[in-house]
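Next come the chains, spelled out residue by residue.
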Amino acid sequence: MQKVQQAGIEGMQPQDFDRVLTSMCTEPHPVAREAAERFLATNPGDPGTYQTVADLEGRAIELLGAITGLSDPAGYITSGGTEANIQAVRIARNRAETNNPNVVAPKSAHFSFRKAAELLDVELRTAPMKNHRANVGAMNELVDRDTVALVGVAGSTEYGVVDPIPEIAELANDADALCHVDAAWGGFYLPFTDKDWQFEQADIDTLTIDPHKVGQAAVPAGGLLARSAEIFDPLAIDTPYLETTSQITLTGTRSGAGVASSVAAMEALWPGGYREQYEISMDNAAWLAEQLEARGHDVFGPELPLVTADLSVPMTDELRDRGWRVSKTGSGELRIVCMPHVTRSMLRSFVADLDWF
Ligand code: 0PR
């Protein structure tokens, strides 16, 4: 008890971002921070009571639809990408007829799909990759009559790679399965690339896109979008004592701060601000890749603003001692995510520190 009182919250500061090179979270935009605080005590899970934030959620989905190329979007603001991915698998499982459902995904799929599979008693089949990208032929070999969903990743967690989404959607179509795209991280960069991933054009059913990552909203605002409201029907649970009589979300009480900050960030930044951020972050990532290559390292990327390099020395501990927050891929490569808070001068001093070793 004594100890807890001594280490009071007063005066404690959160991690600042000036040496964070590994996170997919970032500094929220100032208007997002302000909106989050204003809506801190609201619950979009109870739209009958908290009408304003419920209306704001509609606006958030409209904006996410504009960003992803979906003209009549349905969806809601989740608690991060994990909830969105779990819910997509839940939709696929609930609407299918099989008792033995499986989901086919590339090996690069985020570990939230493993959580989904375990929770929902669905088999997760992962296909080997081709140069860090989903191999559609290998995915096809895993598809059978019990396949309820196919997953594509648009901006993979480890390498920042975009899978061939239209081909995966076609496989899903042929198998009569749901096509889910995980653009949790990449979604706010993709509109400014030449990637073939647009929602309606690529025939996607559901998509994860997280405002709390590249969207610069408050942590942990996530987004789940669907091509039509009916896609959510298999999730409806009766809520007899609320003013609204059914709920499709996974969590009950939800973050009004997440919803409000998402709208604030997107209204401030879509499209010009996000475009500018994409260009700056890509330039920074390309600069870093060049610097690392010039030093003889084997570099992958940037396809989106993420670079990995085989530094062949286990130096993450030394870098951590100097304050750098870096991480490695499953294969041991150094992985740098060029989020909005990662500036050229930060990268310059990082490279200077690497030279020092
Ligand atoms: N899908 C993709 C493609 C992701 O990269 C992530 C998270 C998720 C889904 C899950 O999103 P939530 O974490 O919002 O539920 N990717 C990072 C990861 O797990 C998240 C992260 C966050 C990493 C903070 C580092 C960090 O410091 O690696």
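Worth saying up front: this structure is predicted, and the values here are computed from it rather than measured.

Each value, and the rule that gives it
Residues numbered from 1 in each chain as written. Predicted model: local features only at pLDDT ≥ 70, side-chain atom pairs only at ≥ 80, totals over all residues. Near = placed C-beta within 6 Å. Helix = DSSP H or I, 4+ residues; strand = E, 2+ residues; numbered from the N terminus. Nonpolar A, V, L, I, M, F, W, Y, C, P; charged D, E, K, R; others polar. Pairing = 2+ DSSP bridges. Axes fitted to C-alpha atoms, helices over the stretch in contact; angles between N-to-C directions. Contact = placed C-beta atoms within 7 Å.

**Q** Give a detailed account of the site of the ligand, specifying residues and quantitative values.
**A** Lining the immediate environment of the ligand, one finds 18 residues, of which Ser-23, Gly-80, Gly-81, Thr-82 and Ala-184 sit closest. With four residues, helix α4 (residues 80–95) is the largest single contributor of residues to the shell around the ligand. Here the shell around the ligand is composed, by residue class, of six nonpolar, 10 polar and two charged.

**Q** Tell me what's going on with the sheet that holds strand β7 (residues 178–182), and back it up with residues and numbers.
**A** As summarised here, the arrangement of the seven strands in space is β1-β9-β8-β7-β6-β2-β3, forming an open sheet in which the pairing is mixed. At either end of the open sheet lies a strand with only one pairing partner, and these are β1 (74–79) and β3 (123–127). For this sheet, the mean inter-axis angle between neighbouring strands, taken without regard to orientation, is 20 degrees. Direction of pairing for β7 relative to strand β8 (residues 206–208): parallel, over a ladder of three bridges. Within β8, the residue paired with Val-181 across the bridge is Leu-207. Lying over the sheet, helix α3 (residues 51–68) contacts β1, β8 and β9 (221–226), oriented at roughly 105 degrees with respect to β1. Across the sheet, helix α5 (residues 112–120) lies against β2 (102–106), β3 and β6 (147–153), angled at about 150 degrees from β3, the strand it touches most.

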